[in-house]
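# Report on the structure
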Amino acid sequence: MSSRYLRQIVLVLVMAITCVRTVGAADRDKLLSEPGVYGTFAVFQLDHHWRDQPPATRTAAVEKVKALVEQWSSKILIESYLLRGLSDRGDLMFRLHGTALADSQEFLAALQNTEFGHHLESTGLLHGMSKKANYVPAFPEGLKSELKAPSQSGEKPYAIVIPIRKDAEWWSLDRQARTAMMQEHTEAAIPYHRTVKRKLYHATGLSDADFITYFETEKLDDFHSLILALEQVKEFRHNRRFGHPTLLGTVRPIGDILDLLAK
C-alpha cells in the first residue's frame, strides 16, 4: 500500500472524527437552547450497604455505570453533579435532556438495574420542558438587549436547582399584568445576569411544581444577592413554593463523581 494512499485514509478518518465531534457539540447546544426539549433532574442517595461492599466490587460497579453513561450519551445529554457535602437530599444528581421523556426514563431504569444502582435511593425527581420566552417579546428593547449579553467566561462550578409553584391568583391574572411583573422581575435580576447563568423549565403537569429554575455560578454571593433581589418584587408574592427542596451541588464529570463515591 503506497504512503500516498495511507495518507488519504488517515485524512478521511480525521475528517470523520471531526464531523462526529461537531455533531455531538451541536446536539448539546440544541438540547440546551431550543424549545420543546425535556429536562429531568434525578437525585440519588447511596444506601448504607454500599460501604459494606469490598473496594474491588465498588470499583467494578462504578465502571459499569461509566460505560452505561457513555452508551446513552449519544441519545440524551447527561450532566452530573456532586451533592454530597452541600445538600442533605442526596449524594449525586443527573440533569438529563432529550426530545423524548421516555429516553430519560429508560436511562434511569437501566442505571438502577446496575449493581451500583441497587444501592441508589431516589430522593427527588423533577421533570420539565423548555419553551419559548412568554414575556420577553413584550419587554422594552433596551432590556431585551441586556438579556442577550453573554455571561462571563470561565467555569461556573456551583449548580442550584429551585422548583417553584405559583398560586391560583397568578394564573388568573391577565397577560398584561403578568408581563409587567415579569419585567420587574427581570430588571431586578439583570445586575447578576453575567455572573449567574440561568435556565427555566416549565413543569406544570409533569412534576409537583410549575417551574424548575436551574442556576450555575462561580460566585455564590452574587446568587445570594440575586435571590434577595427577587424576593422584593411583586411577582414573588405569588410563589406558593420556592425550593423545598433547594438543591446545591458542584458540576463534576460523572467519572470523577463515581470514583469518589467508590472510595
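See the structure above.
Attention here is on the structure that accompanies the text. (Residues numbered from 1 in each chain as written. Predicted model: local features only at pLDDT ≥ 70, side-chain atom pairs only at ≥ 80, totals over all residues. Heavy atoms only, no water.)

## Here's the deal with the pattern of salt bridges
One pass over the full model with this rule turns up 11 salt bridges. Measuring nitrogen to oxygen at the nearest pair gives 3.0 Å for the salt bridge that ties Glu63 to Lys66. Taken together, the positions of Glu63 and Lys66, both in helix α2 (residues 55-72) and three residues apart, correspond to about one turn of that helix. A salt bridge links Arg241 to Asp208; the shortest N-O distance between them is 4.0 Å. One end of the pair, Arg241, is in strand β8 (residues 239-242); the other, Asp208, is in the loop between β6 (196-202) and β7 (211-217), with 33 residues separating them in the sequence. What you see here is one network of salt bridges that share partners, running through Glu63, Lys66 and Asp259. (Salt bridge = Lys/Arg side-chain N within 4 Å of Asp/Glu carboxyl O. Helix = DSSP H or I, 4+ residues; strand = E, 2+ residues; numbered from the N terminus.)

## A closer look at the environment of Gln152
Turning to its location among the elements, Gln152 is positioned in the loop between α4 (141-148) and β5 (158-166). Exposure remark for Gln152: the relative accessible area of 34% places this residue in the partly exposed category. A C-alpha to C-alpha distance of 8.9 Å links Gln152 and His193, two positions 41 residues apart in sequence. Dropping the residues within four chain positions of it, Gln152 is found in contact with Arg194, Thr195 and Lys219. (Buried < 20%, exposed > 50% of the residue type's maximum accessible area, 1.4 Å probe, protein only. Contact = heavy atoms within 4.5 Å.)

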